[in-house]
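Structure at a glance
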Amino acid sequence: MVRSVAAVLAGVLLFGSFPPRPWWFLAPAGIALLTLVVRSGPRLRAGFGYGFLAGLGFFLPLLPWTGIYVGPLPWLALSTACAVYLGVFGVLGRILGRLPGWPLWLALAWTAAEWGRSSFPFGGFPWGRLAFGQADGWFLPLAAYGGAPLVSFVVALSGTCGAAVVLGVLRQAGARRAAVPRGGAEENAAADRTAAAIADTRADSAGHGAAGRGGRVATAAAASTCLLLAAAGLGLGLGATLPGPLDGDRTITVAAIQGSVPRLGLDFNAQRRAVLDNHVRRTEQLADEVASGRFPAPDVVVWPENSSDIDPLRNPDAAALISAAARRISAPILVGAVLVNGDGTTTNSVMVWTAESGPGDRHDKKIVQPFGEYLPMRGFFRLFSDYADRAGYFVPGHGDGTIRAAGTEIGVATCYEVAFDRAFRDSLHSGAQLLAVPTNNATFGDSEMTYQQLAMSRVRAVEHGRSLVVAATSGVSAIIAADGTLRQQSPLFTPEALVAEVPLRDSHTPATVLGPWPELVAVFVTAAGVVISLVRRRAARGPARTATAPVSG
């Protein structure tokens, strides 16, 4: 029971590290506690169970926004599915926890489990990766060197090394108590049991019999690793290794428009014309503010996802409104629109729209959201909820995610896409100098979802060394510098315009150059570690069977 409660508490600590709370330091503490629980379990299935309980403690409070308007079933199902991957981590923790240097192996296992959850099934669900809780933390600068996987790995390694320190301290304290002579037989028996437990712990952590000196060295090494990891992240941040807010090849002025919506919920777009009107109105208001000298004239304007759910390629009225707004502001507008295809399917698109020529370059969302923008196995899920028929019929787009506006290559990741490492990868290799995340969070009410997603955008800005513009229908919109700082952000549910001069860059960070390889290496090494551990275990059992075999004849 104590271990079960501790496992749930570990998950709650992980949840507490995520926005809007700035308590990023709770993540290593949660990993440390989970590591202690998982390694103490007697069997592999116990490791899975404790990991699964930690997953429920983590994802249930992290993801309630998924069920705000559709009932608790999707929230509970998604949280349970995500918790399974922490159960897998628990199993890996039991297998790899006997290898020398087990804190490193367990951190790799955590990275591998995150990769699995971000990939399977239905394309994966990366929400809740440790990196996305570190936007205010010391480890954020590491994203420039290995992306979100490196940040998650370092956070996990800090936690597993912390667990090793705790075990080492307890082991040494137990050894000292066991060395003190006891007066009675009962006390001597207790001392013997303590000494035996200490010996078992030493054997478990080192893979073979280890002297007290070896245990002290291992504890010191784990403590030093914790300090070095923290110093590395903090040193990279304070050492000006990340670009400054205006460091770049040249600058342009961008504006993010947050027009807000008539009402929250799944049916916010029942008043699609009102949503479009809101964004046209706020853009025209910005044009008046520019004329009065309050703001500089923008070179490009970014509207949110779904800012025109009326297809402007089919509806002349919508097209005329957008063209009028572009004319007033004297700049191209990146318009988030739902476009209807000839076969009845739809694409979630971001188009460059100018007053002179109308629609130009466009990005069709490539990573569409299952159970929202489309529904896999629709007939099956219709048996459980009438909301199955409200899921969209969106199809994924193609291309490299880059559009050109005002002479600038802009990489676009629409809403859900920003959670995936691959979202900006093609656009960066295609020359993106600026990043944009048009998003619509009105379907999730006033939940923590928008803050969780904003943290992802901050990680992506550091990962790729680019300024990033977030335009949200109802908030939070933001201008993010390449070092992850929030230069400007809007309040929720308020029409707003953010205007800022941002730098453009052509250089690439190590994370952009390396791409998915650091994470894939972690997965392969973890698999190799599992094989090594199982072989060692089988080899250790062989002599034991021989020693206990009966003598014949």
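Before reading further, recall that the structure is shown in the block above.
Residues numbered from 1 in each chain as written. Predicted model: local features only at pLDDT ≥ 70, side-chain atom pairs only at ≥ 80, totals over all residues. Heavy atoms only, no water.

Let us look at the overall build of the protein chain. In terms of helices and strands, the protein chain carries 15 helices and 12 strands. When each of the 553 residues of the protein chain is scored for burial, the buried share is 54%. Considering only residue pairs separated by 6 or more positions, the protein chain has 70% of its internal contacts joining residues 24 or more positions apart. Of the accessible surface of the protein chain, which amounts to about 22700 Å², a share of 62% is contributed by carbon and sulfur atoms. (Helix = DSSP H or I, 4+ residues; strand = E, 2+ residues; numbered from the N terminus. Buried < 20%, exposed > 50% of the residue type's maximum accessible area, 1.4 Å probe, protein only. Contact = heavy atoms within 4.5 Å. Areas by Shrake-Rupley, 256 points an atom, 1.4 Å probe, with all protein chains shown as cover.)

A few words on a nonpolar patch on the surface. Residues Leu73, Phe122, Phe371, Met377, Phe380, Leu383 and Phe384 make up a contiguous nonpolar surface patch of about 760 Å² in total accessible area. With respect to the element layout, methionine 377 can be found in the loop between strand 5 (358-364) and helix 11 (378-381). (Patch = residues over 30% accessible without salt bridge, like charges linked within 9 Å, V, L, I, M, F, W, Y side chains within 5 Å. Salt bridge = Lys/Arg side-chain N within 4 Å of Asp/Glu carboxyl O.)

Soluble, globular proteins show a tendency: their nonpolar side chains are buried together. By size, the foremost hydrophobic cluster in this structure holds 83 residues, and its most contacted members are Trp110 and Trp127. In this view, tryptophan 110 contacts Leu14, Ile31, Leu34, Leu86, Phe89, Leu130 and Ala156; residues no more than four positions away in its chain are not counted. Among the nonpolar cores identified, the runner-up in size contains 25 residues, and Ala331, Ala337, Trp353 and Val499 belong to it. (Core = buried A, V, L, I, M, F, W, Y, C linked by side-chain atoms within 4.5 Å.)

The relative placement of two packed helices is expressed as an angle between their axes plus a distance between the axes. At a closest axis distance of 8 Å, the pairing of helix 1 (residues 2-16) and helix 2 (residues 26-40) adopts a crossing angle of 160 degrees. Classified by the angle their axes make, helix 1 and helix 2 are roughly antiparallel. Once helix 1 is placed against helix 2, the crossing between them reads as left-handed. From helix 1, Arg3, Ala6, Ala7, Leu9, Ala10, Leu13, Leu14 and Gly16 reach across to helix 2, where they touch Leu26, Ala27, Ala29, Gly30, Ile31, Leu33, Leu34, Val37 and Ser40. (Axes fitted to C-alpha atoms, helices over the stretch in contact; angles between N-to-C directions. Parallel < 35°, antiparallel > 145°, perpendicular 65-115°, else oblique. Left-handed = near helix turned anticlockwise from the far one by under 90°.)

With respect to the helices and strands, the residue alanine 27 is situated in helix 2. Placed 10 residues apart in sequence, alanine 27 and serine 17 show a C-alpha to C-alpha distance of 5.5 Å. With near-sequence residues (within four places) excluded, alanine 27 lies in contact with Leu13, Leu14, Ser17, Leu130, Gln134 and Val155.

Our focus in this paragraph is the sheet that holds strand 6 (residues 402-405). If you trace the six strands from one edge of the open sheet to the other, you get 6-7-8-9-10-11, paired in mixed fashion. Of all strands in the sheet, those bounded by a partner on one side alone are strand 6 and strand 11 (486-489). Strand-to-strand twist of the sheet, defined as the mean angle between neighbouring strand axes without regard to direction, takes the value 25 degrees. Pairing analysis gives five bridges linking strand 8 (residues 434-439) to strand 9 (residues 468-472), with the strands arranged parallel. Across the sheet, residue valine 437 finds its bridge partner in strand 9, namely valine 470. (Pairing = 2+ DSSP bridges.)

Without other data, these values stay purely geometric and don't point to any function.
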